[in-house]
Amino acid sequence: MEEQQTSSEVITLLSSRELEKMRKACQMAAQLLDYLTPYVKPGISTLELNDLAEDWTKKRGAVSAPLGYEGTVMPFPKSICTSVNEVICHGIPRAEEILRDGDIINIDVTPIVDGYHGDTSRTFLVGNVASRTRKLVEVTEECMWRGIREVKPGARIGDIGAAIQEYAEAEGFSVVRDFVGHGVHRIFHTAPQVPHYGVRGKGKKLRPGMVFTIEPMINLGSHEAEILTDGWTALTVDRQLSAQFEHTVAVTKTGVEVLTLSPAKVLA
Ligand code: MF3
Ligand code: CO
Ligand code: CO
């Protein structure tokens, strides 16, 4: 996700040829998460997950966008983001970080295929997870879907955030403000910014051909985030849990196409 800042850049509308390239990249991203899923078990390190992802991506002739992505302190040093428990986003895979029973982990992948980025993430349960934690993860996924369901020509960016915020807060959770969804195509992070909170009827109007992510980060406690001195790892100020799900979507003539839908899930 993109750090929140004010901007009023022009939003690119993709041609059908460009959309076809986005489909390819986004399908690879979904398949990569499907590939990693059975490995997400107690005992594996986040670095091992990274290395599995990097090998899988390379073997398919794609490039991991996070690796070397420019940041304020240093470029991102690994190929995927692995955000465990109180880490909101942009967790850096490490050999010493071993998943334990009861953890939650968000894995966020972005392969580049033929110049286009496919950006998606899911939060996984590691072994047996406490019921309140499972609830947070379920509500976060539903938040993403409620945001996606708002997408159609003529709707506003604010409709997406409002739908997410209403549901998250009604369930007693909070919406992270400091990171937002983003336009994505040849450029990893571009206009529009897509806040996961907001007011219906406000913000830019959606038009066919726009492509962006919806990637709510939902916290068990306060919405406040802080960033470690590595310049990347974002965690909750109160050290309570945070979950996230992300899809890349395209505005169509009639509604929305979820580009990063898993082929496995479509068939299931
Ligand atoms: N994939 C993340 C997003 O959803 C961005 C990761 S940038 C990185 O926007 F450099 F941390 F990988
Ligand atoms: Co994103
Ligand atoms: Co992402």
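The model shown is predicted, which means the values in this text are computed figures rather than measured ones. (Residues numbered from 1 in each chain as written. Chains lettered and ligands numbered in written order. Predicted model: local features only at pLDDT ≥ 70, side-chain atom pairs only at ≥ 80, totals over all residues. Heavy atoms only, no water.)

Student: Where do I start with the packing of helix 1 (residues 16–36) against helix 2 (residues 46–59) in this structure?
Tutor: When two helices pack together, their arrangement is captured by the angle between the axes and the distance separating the axes. Orientation of helix 1 relative to helix 2, taken along the N-to-C sense of each, is 135°, at an axis distance of 10 Å. Relative to helix 2, the element helix 1 is oriented oblique. With respect to the hand of their crossing, helix 1 and helix 2 are arranged in right-handed fashion. Residues M28, Q31, L32, Y35 and L36 of helix 1 form the contact with helix 2, whose own contacting residues are L49, L52, A53, W56 and T57. The residue makeup of the contact of helix 1 with helix 2, split by class, is 8 nonpolar, 2 polar and no charged. (Axes fitted to C-alpha atoms, helices over the stretch in contact; angles between N-to-C directions. Helix = DSSP H or I, 4+ residues; strand = E, 2+ residues; numbered from the N terminus. Parallel < 35°, antiparallel > 145°, perpendicular 65-115°, else oblique. Left-handed = near helix turned anticlockwise from the far one by under 90°. Contact = heavy atoms within 4.5 Å. Nonpolar A, V, L, I, M, F, W, Y, C, P; charged D, E, K, R; others polar.)

Student: What is the right way to look at the coordination of the cobalt ion (ligand 3) in this model?
Tutor: Those protein atoms acting as donors to the cobalt ion (ligand 3) are D108 (OD), D108 (OD), D119 (OD) and E246 (OE), and they sit at 2.0 to 2.3 Å. Around the cobalt ion (ligand 3) sit 6 donor atoms, and with donor-metal-donor angles ranging over 60 to 168° the site reads as irregular. Ordering the donors of the cobalt ion (ligand 3) by residue number gives the pattern D-x10-D-x126-E. The metal-metal distance between the cobalt ion (ligand 3) and the cobalt ion (ligand 2) is 3.3 Å, with D119 coordinating both. Taken together, the residues span a long stretch of sequence, with D108 in strand 5 (residues 104–109) and D119 in the loop between strand 7 (116–117) and strand 8 (120–125) at a distance of 11 residues. The exposure class of D108 is buried, given its relative accessible area of 7%. With relative accessibility at 2%, the residue D119 sits in the buried group. (Donors = N, O, S within 2.8 Å, 3.2 Å for Na, K, Ca; no water. Tetrahedral: all angles 85-135°; square planar, octahedral: opposite > 155°, others 65-115°. Buried < 20%, exposed > 50% of the residue type's maximum accessible area, 1.4 Å probe, protein only.)

Student: Mind showing me how you'd approach the coordination of the cobalt ion (ligand 2) here?
Tutor: Four donors placed tetrahedrally about a metal ideally form angles of 109.5 degrees, and six donors placed octahedrally ideally form angles of 90 or 180 degrees. Only D119 (OD), H182 (NE2), E215 (OE) and E246 (OE) from the protein coordinate the cobalt ion (ligand 2), and they sit 2.0 to 2.3 Å from it. Angles of 52 to 159° at the metal separate the 6 donor atoms of the cobalt ion (ligand 2), which places the site in the irregular class. Donor residues for the cobalt ion (ligand 2), ordered by position in the chain, follow D-x62-H-x32-E-x30-E.

Student: Explanation requested: the packing of aromatic side chains in the structure shown.
Tutor: Centre-to-centre distance and the angle between the planes together describe a pair of aromatic rings. Under the counting rule described, the total for this entry stands at 4 aromatic pairs. Ring centres of Y69 and F188 lie 4.8 Å apart, and the angle between their planes is 65°; on these two criteria the pair is classed as edge-to-face. Within this pair, whereas Y69 is found in the loop between strand 2 (63–64) and strand 3 (81–84), its partner F188 is found in the loop between strand 10 (179–183) and strand 11 (190–194), the two being separated by 119 residues in sequence. According to the relative accessible area criterion, Y69 is partly exposed, its value standing at 28%. Note on F76 and W232: the rings are 5.2 Å apart at their centroids and 90° apart in plane angle, and the pair reads as edge-to-face. On the criterion of sequence distance, the pair formed by F76 in the loop between strand 2 and strand 3 and W232 in the loop between strand 14 (225–227) and strand 15 (234–236) is long-range, its members being 156 residues apart. Of the two residues, F76 and W232, neither departs from the other in class, the shared state being buried. Among the aromatic residues, ring-to-ring pairing joins Y35, Y39 and W56 into one connected group. The side chain of R146 reaches across the aromatic face of Y167, ending 3.9 Å from its centre. Sitting over the ring of Y197, R177 keeps its end group 5.3 Å from the ring centre. (Phe/Tyr/Trp six-rings, centres within 6.5 Å; stacked < 30°, edge-to-face > 60°. Lys NZ or Arg CZ within 6 Å of the ring centre and 35° of its normal.)

Student: Is there a simple way to explain the site of ligand 1 in this structure?
Tutor: Within the structure, ligand 1 sits among 15 residues, and M1, P66, H189, E215 and E246 are positioned closest to it. In the environment of ligand 1, an oxygen atom lies 3.0 Å from a nitrogen or oxygen atom belonging to the side chain of H182. Within the side chain of E215, an N or O atom sits 2.8 Å from an oxygen atom of ligand 1. For ligand 1, the accessible surface in isolation is 340 Å², of which the surrounding protein chains cover 99%. With respect to the detected pockets, ligand 1 is housed in the largest cavity. Here the residues of the shell around ligand 1 are counted per class, giving 7 nonpolar, 4 polar and 4 charged. (Near = heavy atom within 4 Å. Polar contact = N/O pair within 3.5 Å; in protein donor to acceptor, adjacent residues only side chain to side chain. Areas by Shrake-Rupley, 256 points an atom, 1.4 Å probe, with all protein chains shown as cover. 1 Å grid on protein atoms, 1.4 Å probe; cavity = no way out; pocket = protein on both sides within 12 Å on 5 of 7 lines; lining within 4 Å. Sits in = over half its atoms within 2 Å of the grid points.)

Student: Could you clarify how one ought to interpret the environment of G201 in this entry?
Tutor: For G201, the location among the structural elements is in the loop between strand 11 and strand 12 (211–214). Here the alpha-carbon distance between G201 and R156, two residues 45 residues apart in the chain, equals 5.7 Å. Those residues in contact with G201, other than ones at most four positions away along the chain, are R156 and D159.

Student: What is the right way to read the nonpolar core from this model?
Tutor: Within soluble globular proteins, side chains that are nonpolar tend to cluster in buried spots. I160, L206, F212, I214 and I218 are the most contacted members of the largest nonpolar core, which has 32 residues in total. By residue number, the principal contributor to this core is helix 3 (residues 131–149), which donates 6 residues. Filtering out sequence-adjacent residues up to four positions away, I218 remains in contact with L136, T140, C143, I164, A168, F173, S174, V175, L241, S242 and A243. (Core = buried A, V, L, I, M, F, W, Y, C linked by side-chain atoms within 4.5 Å.)

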